[in-house]
Amino acid sequence: MRVTGRNSDSVKLRQAPRFHAYFRRLEGREVMVMSRHDWEQASRLRELEMAQIDLKPTPIAGVAEVSQIEAAVVVRKSPIEVVVEIYRYDAVDLPLPINLDRYLVWETLPPHRNFVTMVNAASTEDNANMQGFLDDHVFFIKDVVRAGHHLADLPEHVKAFMRRDDAAS
């Protein structure tokens, strides 16, 4: 299965700039948003199911513009969390030239965040616009770099998946 987005340029998405800024501050890193409409196909993945993902419609598309991407896959980890794994080649890192970047995608606010507390602290309100903002978007957050970021090659399960997916298309 390949996950691609749809272009929603003609759809006006609601914004909540104070809430979004406060969310970034709480997480201590960039919290990017993507149209839920464009994310819809990925939301159909069942738990632990993997698919290739087209990075172009995502807020992380820039990675593909400046890197040699060996594989980009998405895996559903739970009913509310998906992980995008980008395997990019970087000769500077030889003998471990494959860099694994993970992006968490939260389809709702993560359970470690309290919505009411966030709304109050952000000096905003829980109104139709706020609910619309949450309904209109999913949130991308770059995961913390951990052991296994540098690899000699693609993991076998990713290679096997890519071969299987390429054969099916």
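Up top is the structure.
Note that the coordinates shown come from a computational prediction; the quantities given were computed from them, not determined experimentally.

(A) Region of interest: the overall build of the protein. Within the protein one finds 6 helices and 8 strands. Taken from the N to the C terminus, the helices and strands of the protein come in the order β-α-β-α-β-α-β-β-β-α-α-β-β-α. Here the C-alpha atoms of the protein give a radius of gyration of 17 Å, agreeing with the 15 Å that 2.2 N^0.38 yields for 169 residues. In terms of overall dimensions, the protein has C-alpha extents of about 50 × 30 × 30 Å along its principal axes. Within the protein, contacts between residues separated by at least 24 positions form 70% of all contacts whose residues are at least 6 apart in sequence. Charged side chains in the protein number 22 positive and 25 negative. The centres of these two groups are separated by 2 Å.

(B) Broad picture of the nonpolar core. The biggest cluster of nonpolar side chains holds 19 residues, and the ones touching the most others in it are W39, I60, V74, V84, Y103 and F140. Put simply, the parts of the chain that give this core at least two residues each are β2 (31–35), β3 (50–53), β4 (68–76), β5 (81–89), β6 (98–106) and β7 (137–142). Take this core: its biggest share by element is 3 residues, from β5. Beyond its immediate sequence surroundings of up to four residues, W39 is in contact with M34, I53, V74, V82, V84, V105, E107, V138 and F140.

(C) Up close: the pairing of β2. β2 sits mainly inside the fold: 4 of its 5 residues count as buried. Across 5 bridges, β2 lies against β7 in antiparallel orientation. The residue bridging V33 from the neighbouring strand is F139, located in β7.

(D) Region of the structure containing unusual backbone geometry. Residue P95 is reached from L94 by a cis peptide bond, and omega for that bond is 10 degrees. Turning to its location among the elements, P95 is positioned in the loop between β5 and β6. At L48, a residue that is not glycine, the phi angle is positive and equals roughly 70 degrees. By secondary structure assignment, the location of L48 is in the loop between α2 (36–39) and β3. Phi is positive for S123, which is not a glycine, with a value near 55 degrees. Mapped onto the elements, S123 comes out in the loop between α4 (115–121) and α5 (128–136). S123 sits in the exposed class, given a relative accessible area of 51%.

(E) Spatial organisation of helix α1 (residues 17–27). For α1, every residue scored as buried is listed here: F19, H20, Y22, F23 and E27. Take α1 and look down its axis: the buried residues cluster within an arc of 165 degrees, on one side only. Residues P17, R18 and R25 are exposed on α1 and point more than 90 degrees away from its buried face. Looking at the packing, one finds that the buried side of α1 touches β2, β6, α4, α5 and β7. Looking one or two residues past α1, G28 carries a phi angle of roughly 75 degrees, positive in sign.

Criteria and cut-off values
Residues numbered from 1 in each chain as written. Predicted model: local features only at pLDDT ≥ 70, side-chain atom pairs only at ≥ 80, totals over all residues. Heavy atoms only, no water. Helix = DSSP H or I, 4+ residues; strand = E, 2+ residues; numbered from the N terminus. Rg over C-alpha atoms; globule rule 2.2 N^0.38 Å. Contact = heavy atoms within 4.5 Å. Lys, Arg positive; Asp, Glu negative; His and termini not counted. Charge placed at Lys NZ, Arg CZ, Asp CG, Glu CD. Core = buried A, V, L, I, M, F, W, Y, C linked by side-chain atoms within 4.5 Å. Buried < 20%, exposed > 50% of the residue type's maximum accessible area, 1.4 Å probe, protein only. Pairing = 2+ DSSP bridges. Arc of directions from axis to C-beta.

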